[in-house]
Every structure is written in C-alpha cells, then in structure tokens.
Amino acid sequence: ATPRTFGPEREAEPAKEARVLGSELVDTYTVYIIQVTDGNHEWTVKHRYSDFHDLHEKLVAERKIDKNLLPPKKIIGKNSRSLVEKREKDLEVYLQKLLAAFPGVTPRVLAHFLHFHFYEINGITAALAEELFEKGEQLLGAGEVFAIGPLQLYAVTEQLQQGKPTCASGDAKTDLGHILDFTCRLKYLKVSGTEGPFGTSNIQEQLLPFDLSIFKSLHQVEISHCDAKHIRGLVASKPTLATLSVRFSATSMKEVLVPEASEFDEWEPEGTALEGPVTAVIPTWQALTTLDLSHNSISEIDESVKLIPKIEFLDLSHNGLLVVDNLQHLYNLVHLDLSYNKLASLEGLHTKLGNIKTLNLAGNLLESLSGLHKLYSLVNLDLRDNRIEQMEEVRSIGSLPCLEHVSLLNNPLSIIPDYRTKVLAQFGERASEVCLDDTVTTEKELDTVEVLKAIQKAKEVKSKLSNPEKRGGEDSRLSAAPCIRPSSSPPTVAPASASLPQPILSNQGILGDE
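Residues numbered from 1 in each chain as written. Predicted model: local features only at pLDDT ≥ 70, side-chain atom pairs only at ≥ 80, totals over all residues. Heavy atoms only, no water.

Time to look at helix α7 (residues 176-185). Listing the buried residues of α7 in full gives Leu176, Ile179, Phe182 and Thr183. Buried residues along α7 cover an arc of 125° about the axis, so they all sit on one side. Those residues of α7 that are buried lie in contact with α5 (121-142), β4 (146-148) and α6 (150-162). (Buried < 20%, exposed > 50% of the residue type's maximum accessible area, 1.4 Å probe, protein only. Helix = DSSP H or I, 4+ residues; strand = E, 2+ residues; numbered from the N terminus. Arc of directions from axis to C-beta. Contact = heavy atoms within 4.5 Å.)

In structure tokens:
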C-alpha cells in the first residue's frame with residue numbers, strides 16, 4: 001500500500017471503515033472476517049460472536065453506548081447459513097456505528113479489537129509508548145539492542161508531523177513523550193522490515209518512510225529490509241555512531257552515507273582543502289569505525305567513502321561490485337570483505353589498500369592474483385569460490401611476509417594432485433606458518449614441501465648449468481644470497497619460488513645492521 005504523504009504536505013487523517021467480508025467455521029463456532037480500512041492501508045481481523053459480545057459489554061460499561069446496538073445472541077441454529085449471513089450484515093453495521101460514534105480518539109478496547117495497535121498510527125504509537133513507560137528504564141539499563149519495525153517508526157514520525165497533543169487519549173501511559181525520552185537515550189537500535197505485506201495487511205513495511213532524528217545517542221544501528229532512500233535523520237547520529245549496518249536496503253553507498261547529497265550538485269567532506277566552487281560541505285561520520293553494507297544492490301564504491309575516514313571494518317559482500325575504487329581514502333581500514341561480488345581483476349589493489357590485514361575475496365570471478373603481491377600487511381586472505389587455475393598465481397601471495405591464513409577451496413587448482421603441498425611450497429621458508437583452507441599444516445606436509453623445494457632447486461641448477469653463457473659464473477651466483485646483493489647492482493630476475501620476498505630481505509638487512 002502507498003503510505004500517506006510524508007512531510008508537512010501530508011493529507012488530513014482519513015476516516016476509518018470496517019466491513020465484514022464473510023465468515024468461516026472453526027471447530028464448532030463461526031469466525032467473522034473483518035476488513036479494516038485506514039486511508040490506503042487495509043488489514044483483516046477475525047473474531048467470533050462472543051468476542052463482539054465482550055467488546056460490547058465493555059463499551060456499554062465504559063462509554064455508555066446503547067446496549068441494544070449489538071445483534072442479540074442465538075443459541076439454536078447459531079451456525080446456520082441464513083443466520084450467519086444476516087449476522088455478518090448486522091455486525092458490519094454495528095462496527096460502522098461504533099467508528100462513527102468515536103471519530104477522534106478510538107476507545108482503547110475498540111482499538112485493540114480492530115488491531116489498531118498493530119496497523120494504525122495512533123494505536124501503534126500508544127502501544128509503543130505504554131511499553132516504554134513500563135519497561136523503558138529497564139531496557140536502557142540493560143544496554144541491550146532495542147528492536148523496532150519500520151511501521152512503528154513510520155507511525156511515530158507521522159504522529160510528530162501531525163502536531164497533535166502528545167497524549168490525546170488522556171491516558172498518561174500512552175503519552176508520546178515516553179517514546180521521545182527513550183529514543184534520546186538509546187544507544188543500540190535494530191530496525192528490521194518484512195518482505196512482502198506486513199501481517200494481515202496490505203502494508204509494504206519495507207517501503208515506508210521514517211525519520212531517525214529522534215535518536216540522539218546511538219552507538220550502533222542495524223537496518224534491514226527497508227528502503228534507504230526513504231530513511232531520514234540518520235545523519236543526526238554522526239557524532240556518536242560507531243557501528244552501522246544497512247542490509248537488504250540500499251542501491252548505492254551514497255543513499256546511506258550522504259542522503260543529503262541529492263540536494264546539491266557538488267559537495268566535499270568537512271575538513272577538505274577546497275579547490276574551486278563547492279555547493280556544500282558535509283560533515284564526516286567522525287565516530288564510525290565499522291560499516292556493514294552487505295546484501296544490497298551496490299554496484300560501485302563511490303566517493304561517499306570520503307565521509308568515513310576512520311573506518312576500520314568494511315563489509316561490502318554480496319553486492320554487484322565490478323571494480324575496487326576510492327578505498328585509498330580509508331587510511332585506517334584493516335578488515336575488508338568484498339566476497340560474492342563480480343570482481344574479475346585486482347590490478348593496482350595495493351595502491352588502495354595500504355594497511356589491510358584481513359581481505360575476503362571469496363565468490364568472485366578472479367583468475368589472477370597479481371594485484372595482491374604488494375599487500376605486505378595482509379594476514380588473512382579468503383579466495384575460495386573463484387576461477388584460479390594456475391599454481392603460478394599463488395606465487396603472487398607466497399612472498400607476502402605476514403600472511404598466515406589462506407583459503408583457496410573450490411577453485412580449479414584445488415583439485416590438482418598434491419594441491420596442499422604444492423601451494424604451501426610457494427611460501428618457501430614460511431610454509432610452516434601458513435594455515436591453508438582452515439587446516440593447520442602437518443609435519444608430513446612440511447617434509448613433502450622440503451622435497452618439492454629441493455626438486456625445484458635442482459631444476460634451477462640444471463637450467464643454469466645448461467646455459468653456456470652463464471656457466472662461468474655459476475658457483476658465485478649459487479652461493480650468493482639475494483639479501484647481500486650490492487645495492488648498486490641491478491636486481492636479478494629469479495623464479496619466485498627460489499627467492500625470498502623483497503620486504504623480508506629489507507627487514508633482515510636492517511636487523512642485521514643492528
């Protein structure tokens with residue numbers, strides 16, 4: 001259902017209607033199916049006649065309505081088709097008269113009977129306010145995550161837009177002030193929508209707009225199955241928000257990080273040295289260190305990352321990324337998840353990920369690993385479910401000095417005979433330090449690696465001896481270690497498996513001088 005207008009131009013609150021659509025026999029009694037309409041929103045409620053009778057008794061006692069308004073009870077033939085059809089019409093008339101009798105604030109007992117506390121704006125906010133009146137302090141004291149639905153937030157937003165008294169019902173427990181007091185102090189928030197219609201209604205909860213500016217102290221926010229384009233006010237939490245998760249909700253990073261950018265042609269983050277005319281300067285997310293934008297429909301890493309300079313953990317998995325861009329602005333990034341995207345190339349990745357320690361690239365379209373050979377801080381690397389065929393590609397990561405955990409499962413090369421030992425051999429002297437595919441390297445595998453290294457060394461020696469032009473200098477070249485090569489001489493090109501990685505050589509040289 002299309003929500004009513006969001007903002008100062010919203011329409012006047014529509015009249016509510018209730019119709020009895022039919023009935024069904026459950027065990028030995030008849031249940032009447034009621035359709036309630038509130039503007040564009042509709043939902044169904046089911047009640048047996050005894051429920052109507054209980055409702056009527058309470059309204060007669062509390063609101064002094066006509067006791068003859070409800071159709072009378074029938075004991076004999078109460079489930080006969082003719083009686084049921086007549087009762088359907090009579091009960092519909094009864095409900096319509098009740099709604100007409102209370103056009104302003106619906107009595108609490110009638111509101112609950114028609115499930116206003118689930119689907120109608122005033123009923124939803126009243127129920128939420130009463131819950132927080134009773135449990136709010138306990139929830140805040142426990143420091144737990146508070147879960148709320150988009151429909152509830154939409155209702156609160158609409159209530160605030162109406163400008164009505166915060167306690168129109170006269171019941172202090174349902175005062176909107178209880179909600180506002182709670183949201184001002186809440187630190188951990190979770191907003192989860194539903195896929196498809198909500199409950200028995202036609203309300204598409206995930207499409208409802210809502211405003212989060214009522215939350216003033218948020219440290220952590222989780223949002224899922226909402227429409228990021230319709231979420232307002234999250235930027236009000238920039239000073240305090242440390243962890244943000246938006247999943248199944250966004251089509252771009254800008255929708256989440258720079259919702260206000262749509263109002264400007266040009267913008268730059270606050271603190272930037274401006275060059276030329278800029279329409280707007282936008283404050284950064286100065287406290288944000290963890291951002292989860294997984295399971296969205298994001299196709300690029302856009303310039304909005306400039307606004308999250310302190311990010312340490314970034315999850316962009318399960319999106320539609322084709323290339324890796326703009327991450328050079330994230331100087332503090334140490335954990336990056338790009339798994340299950342559409343990445344086919346890693347060229348120049350080291351220029352954008354200087355200090356990365358954990359990198360997840362599983363589930364992409366990678367055939368080559370050449371872009372990883374200069375990620376010298378990398379400790380954990382996940383490459384499972386890609387298209388890597390050649391063992392040569394592993395040499396690109398075999399020289400990384402800090403790499404400890406590698407996963408290559410479900411790549412074409414993982415079915416090669418002796419796959420594990422051949423991969424471990426690419427790490428040379430560090431083979432014992434590497435955990436491959438979540439399995440610790442065994443002594444037997446290390447022995448096999450030594451044999452493979454010896455065979456490789458023998459092949460290299462044989463190759464050099466068979467070259468007449470280099471035979472004369474054979475002994476000196478075999479005995480000389482690469483790390484003591486004079487700095488003035490040009491580097492020699494040697495097979496990657498027989499040489500130590502350059503970063504380690506540099507460090508060893510420094511340690512040796514000490």
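Further notes follow.
Looking now at empty space enclosed by the protein. Overall, the coordinates contain two cavities of 30 Å³ or more when judged by the stated rule. Volume-wise, the largest cavity comes out at about 80 Å³. What lines the largest cavity is Ile223, Ala228, Ile231, Leu234, Val235, Val246, Glu255, Val256, Pro259 and Trp285. The class makeup of the residues in the lining of the largest cavity is nine nonpolar, no polar and one charged. (1 Å grid on protein atoms, 1.4 Å probe; cavity = no way out; pocket = protein on both sides within 12 Å on 5 of 7 lines; lining within 4 Å. Points joined across faces, edges and corners; volume = space filled by probe spheres on them. Nonpolar A, V, L, I, M, F, W, Y, C, P; charged D, E, K, R; others polar.)

Let's shift gears to the pattern of salt bridges. Throughout the structure, instances matching the rule amount to 18 salt bridges. For Lys86, the salt bridge identified is with Asp90, shortest N-O distance 2.8 Å. Of this pair, Lys86 and Asp90 both sit in helix α2 (residues 81-101), four residues apart, roughly one helical turn. Classification of Lys86 as exposed rests on a relative accessible area of 51%. The network of salt bridges with shared partners includes Arg81, Glu85 and Glu88. (Salt bridge = Lys/Arg side-chain N within 4 Å of Asp/Glu carboxyl O.)

Taken together, eleven strands build an open sheet; the order of strands is β4-β5-β7-β9-β12-β13-β14-β15-β16-β17-β18 and the sheet is parallel. Edge strands, defined here as strands with exactly one partner in the open sheet, are β4 and β18 (435-436). One ladder, built from five bridges, connects strand β5 (residues 188-192) with strand β7 (residues 220-224); its direction is parallel. From the neighbouring strand, Leu189 faces β7, where its bridge partner is Val221. (Pairing = 2+ DSSP bridges.)

Moving on to helix α11 (residues 443-465). For α11, which comprises 23 residues, the first-to-last C-alpha distance of 33 Å matches the rise-based estimate of 33 Å (1.5 Å per residue) to within 8%. Among all positions of α11, only Glu445, Leu446, Val449, Lys453 and Glu460 are buried. (Expected span 1.5 Å × (residues − 1).)

On inspection of all chains with the given rule, the structure shows six aromatic pairs. Between Tyr119 and Phe198 the ring centres are 5.8 Å apart and the planes differ by 70°, which places this aromatic pair in the edge-to-face class. Taken together, the residues span a long stretch of sequence, with Tyr119 in helix α4 (residues 116-119) and Phe198 in the loop between β5 and β6 (210-211) at a distance of 79 residues. Under the relative-accessibility criterion, Tyr119 is labelled buried at 7%. Take Phe198: its relative accessible area is 22%, and that puts it in the partly exposed class. With a centroid separation of 4.8 Å and 65° between ring planes, the pair formed by Phe146 and Phe182 is classed as edge-to-face. Taken together, the residues span a long stretch of sequence, with Phe146 in strand β4 and Phe182 in helix α7 at a distance of 36 residues. Grouped by ring-pair contacts, the aromatic residues Trp43, Phe116, Phe118, Tyr119 and Phe198 constitute a single cluster. (Phe/Tyr/Trp six-rings, centres within 6.5 Å; stacked < 30°, edge-to-face > 60°.)

In space, the three strands of this open sheet follow the order β1-β2-β3, with antiparallel pairing throughout. The open sheet has two free edges, formed respectively by β1 (16-26) and β3 (41-48), since each of these has just one partner strand. Here the strands of the sheet are splayed against their neighbours by 20° on average, with no regard to which way each runs. The pairing of strand β2 (residues 29-38) with β3 spans eight bridges and is antiparallel. From the neighbouring strand, Ile34 faces β3, where its bridge partner is Val45. Sitting on the sheet, helix α1 (residues 49-63) is in contact with β2 and β3, with an inclination near 100° to β3. (Axes fitted to C-alpha atoms, helices over the stretch in contact; angles between N-to-C directions.)

Looking now at the pairing of β1. Regular strands place their side chains on alternate faces of the sheet. Alignment of β1 against β2, held across ten bridges, turns out to be antiparallel. In the sheet register, Gly22 faces β2, and the bridge partner there is Ile33. Linking two consecutive strands that pair antiparallel, namely β1 and β2, is a turn of two residues; a positive phi of about 55° is found at Asp27 within it.

The subject of this paragraph is the environment of Leu408. With respect to the element layout, Leu408 can be found in the loop between β17 (405-407) and α10 (419-425). Using a relative accessible area of 0% as the deciding quantity, one classes Leu408 as buried. Spatially, the C-alpha atoms of Leu408 and Asn386 are 8.1 Å apart, while their sequence positions differ by 22 residues. In contact with Leu408, not counting residues within four places along its chain, are Leu383, Arg384, Ile388, Val394, Leu413, Ser414, Tyr419, Val423, Leu436 and Asp437.

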